[in-house]
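So you can see what is in the structure, the chains are spelled out below.
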Amino acid sequence: MMMHRVSLKQAKQPRWVYAIAAVAVCALIGSLISGSNLLFALAMLANLALIWRLVFCSPEINSANPFAHIKVEKQELIIGEARFPVHEVRKVAIERSDGKGLLQLPYNGGGQLQLVFDGSYLDDLKAYIQQNMPHVEIVT
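Right, let's walk through the structure included here. (Residues numbered from 1 in each chain as written. Predicted model: local features only at pLDDT ≥ 70, side-chain atom pairs only at ≥ 80, totals over all residues. Heavy atoms only, no water.)

## Focus on the pairing of strand β4 (residues 82–85)
The two faces of β4 differ: A82 and F84 on one face are buried, but R83 and P85 on the other face are not. Two strands pair when backbone bridges link them, and strand β3 (residues 76–79) and β4 are joined in this way by 4 bridges, in the antiparallel orientation. Within β4, the residue paired with E76 across the bridge is P85. Connecting β3 to the next strand, β4, in antiparallel fashion are 2 residues, including G80 with a positive phi near 65°. (Buried < 20%, exposed > 50% of the residue type's maximum accessible area, 1.4 Å probe, protein only. Helix = DSSP H or I, 4+ residues; strand = E, 2+ residues; numbered from the N terminus. Pairing = 2+ DSSP bridges.)

As structure tokens, then:
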């Protein structure tokens, strides 16, 4: 089964992240070749910096406005880069989970599309789908 993932934010990684990753790989390879504990320690410190970046500096996915990623135009439902002919979309699942909104197209294109967004937009998104695609069943 093919799954489409909509990226809410394409956060560009700063160049220092790639530099530290390169240092970590080189230090790890160097420690394996030479048996140096100093190079191994350098690789571990570099990895700690990357883990810190991943855990503490990741963008919040639940702050996304779904209307920046969803639109209906020219008989197509466009979600991110995925496009679906409106006449083929039969059901749209829109629900709330842990304060976040979740939109899924579970029966379209042989795959599943999923978008997580700020839950405060839930009712507005349902109204938009009903207005622009009146034949679609909204599953909650």
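So that's the structure; there's more coming.
## Re the sheet that holds β3
Here we have 3 strands laid out as an open sheet, ordered β2-β3-β4, and antiparallel in their pairing. Among the strands making up the open sheet, the edge pair consists of β2 (70–73) and β4. In this sheet, neighbouring strand axes are inclined to one another by 20° on average, regardless of whether the strands run parallel or antiparallel. Of the pairings in the sheet, the one linking β2 to β3 comprises 4 bridges and is antiparallel in character. Across the sheet, K71 pairs through a bridge with I78, a residue of β3. (Axes fitted to C-alpha atoms, helices over the stretch in contact; angles between N-to-C directions.)

## Quick notes on the packing of aromatic side chains
Given two aromatic rings, their pairing is described by the distance between the two centres and the angle made by the two planes. In the structure shown here, the tally under the stated rule is 2 aromatic pairs. Seen in terms of ring centroids, F67 and Y121 are 6.3 Å apart; in terms of plane orientation they differ by 70°. Their pairing is edge-to-face. Residue F67 is located in the loop between α2 (37–56) and β2, and its partner Y121 is located in the loop between β7 (111–118) and α3 (122–132); the two are separated by 54 residues in the primary sequence. Given a relative accessible area of 30%, F67 falls into the partly exposed group. On the accessibility criterion, Y121 (24% relative accessible area) is partly exposed. Judged by centre distance (5.6 Å) and plane angle (85°), the rings of F67 and Y128 are edge-to-face. Here F67, found in the loop between α2 and β2, pairs with Y128, found in helix α3; they are 61 residues apart in sequence, far enough to count as distant. Each member of the aromatic cluster is reached from another via a ring pair, and the members are F67, Y121 and Y128. (Phe/Tyr/Trp six-rings, centres within 6.5 Å; stacked < 30°, edge-to-face > 60°.)

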